[in-house]
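# Topology and contacts: notes
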Amino acid sequence: ELEVALKVVIVGNGGVGKSSMIQRYCNGTFTKDYKKTIGVDFLERQIEVDGEEVRLMLWDTAGQEEFDAITKAYYRGAQACVLAFSTTDRDSFEAAHSWKLKVENECGEIPTVIVQNKIDLMEQSVVNPEEADLLARALGCRLLRTSVKEDVNVAAVFRHLAARCLAE
Ligand code: GDP
Ligand code: MG
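Computed from a predicted model, the values in this text were never measured in an experiment.

### Here we look at the overall build of the protein
- Looking only at helices and strands, the protein features six helices and six strands.
- Relative to its 168 residues, the protein shows a buried fraction of 46%.
- Counting only contacts in the protein whose residues sit at least 6 apart along the sequence, the fraction spanning at least 24 positions is 74%.
- When the accessible surface of the protein is summed, it comes to about 8600 Å², and 48% of that surface belongs to carbon and sulfur atoms.

### Structural notes on the packing of helix 1 (residues 18-27) against helix 6 (residues 154-167)
- Contact geometry of helix 1 with helix 6 gives a least axis separation of 10 Å together with a crossing angle of 85°. With respect to helix 6, the element helix 1 is oriented roughly perpendicular. Listed contacts from helix 6 to Met21, Arg24 and Tyr25 of helix 1 are Val154, Ala155 and Phe158.
- Per-class residue counts for the contact of helix 1 with helix 6 are five nonpolar, no polar and one charged.

### Brief notes about the sheet that holds strand 4 (residues 80-86)
- The strand order across the open sheet formed by six strands is 2-3-1-4-5-6, and the pairing between neighbours is mixed. The sheet terminates laterally at strand 2 (42-49) and strand 6 (142-145), the two strands that pair on one side only. Taking the axes of each pair of neighbouring strands and ignoring which way they run, one obtains an average angle of 25° across the sheet.
- Looking at chain direction, strand 4 and strand 5 (residues 112-117) are connected through six bridges and run parallel. Note that in strand 5 the partner of serine 86 across the bridge is asparagine 117.
- Where helix 5 (residues 129-139) meets the sheet, its contacts fall on strand 4, strand 5 and strand 6, and the angle it forms with strand 6 comes to roughly 145°.

### Considering unusual backbone geometry
- Although it is not a glycine, aspartate 50 adopts a positive phi angle of roughly 50°.
- You can see aspartate 50 is positioned in the loop between strand 2 and strand 3 (52-59).
- Among the residues examined, aspartate 50 registers a relative accessible area of 73% and is labelled exposed.
- Residues other than glycine seldom take positive phi values, yet aspartate 151 does so here, at roughly 55°.

### Let's talk about the packing of aromatic side chains
- Inspection of the entire model under this criterion finds four aromatic pairs.
- An angle of 25° between the planes, with centres 5.1 Å apart, marks the rings of phenylalanine 42 and tryptophan 59 as stacked. Of the two residues, phenylalanine 42 sits in strand 2 while tryptophan 59 sits in strand 3, which places them 17 residues apart along the sequence.
- When its relative accessible area of 27% is taken as the criterion, phenylalanine 42 is described as partly exposed.
- By relative accessible area, which is 17% here, tryptophan 59 ends up buried.
- Consider the rings of phenylalanine 85 and phenylalanine 93, whose centres lie 5.1 Å apart with planes at 70°: the pair is edge-to-face. Taken as a pair, phenylalanine 85 and phenylalanine 93 share a single burial class, namely buried.
- In this structure, lysine 102 is placed above the aromatic ring of tryptophan 99, and the distance from its NZ or CZ to the ring centre is 4.8 Å.

Calculation criteria
- Residues numbered from 1 in each chain as written.
- Chains lettered and ligands numbered in written order.
- Predicted model: local features only at pLDDT ≥ 70, side-chain atom pairs only at ≥ 80, totals over all residues.
- Heavy atoms only, no water.
- Helix = DSSP H or I, 4+ residues; strand = E, 2+ residues; numbered from the N terminus.
- Buried < 20%, exposed > 50% of the residue type's maximum accessible area, 1.4 Å probe, protein only.
- Contact = heavy atoms within 4.5 Å.
- Areas by Shrake-Rupley, 256 points an atom, 1.4 Å probe, with all protein chains shown as cover.
- Axes fitted to C-alpha atoms, helices over the stretch in contact; angles between N-to-C directions.
- Parallel < 35°, antiparallel > 145°, perpendicular 65-115°, else oblique.
- Nonpolar A, V, L, I, M, F, W, Y, C, P; charged D, E, K, R; others polar.
- Pairing = 2+ DSSP bridges.
- Phe/Tyr/Trp six-rings, centres within 6.5 Å; stacked < 30°, edge-to-face > 60°.
- Lys NZ or Arg CZ within 6 Å of the ring centre and 35° of its normal.

As structure tokens, then:
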């Protein structure tokens, strides 16, 4: 039986919780200051979708997103994308559109989920729900709201992407 392996890239401004999300999903942990392990390009987790084993390889950036210098190697061969912004960071929300274009440029049209992270901080929100819904509609993507800290909806993001990829 063929095993399906999917390369998933996680994009979005620095500080939105990308590394934390990978760490949470693959290792089940959450820390206040997650530092990328030197020499590790991605973490992986295997799940079952519709009776098929799917190996998800979640690629992290080493913080280069700050310098707009994510390399082509990061995007190469990516089959799915998580585009994240933070509930408490307006700039990260406004940047979502350009992240989408960047991924499209490097990878073409691949299944993408927009993630609004840090919903545990909803009382400090700088993005209203309607705006987030509109953004997702404009980009033609599903929107999922997550809290990596409280482990809300994180697994749903990757289940959704895996299912989308298998359906293609
Ligand atoms: P990255 O730069 O996108 O990789 O973001 P990080 O994963 O390094 O996270 C940046 C900060 O946000 C860290 O202090 C995390 O602990 C914190 N963080 C990540 N996810 C959440 C969340 O869902 N809720 C809260 N309150 N903090 C979070
Ligand atoms: Mg990071």
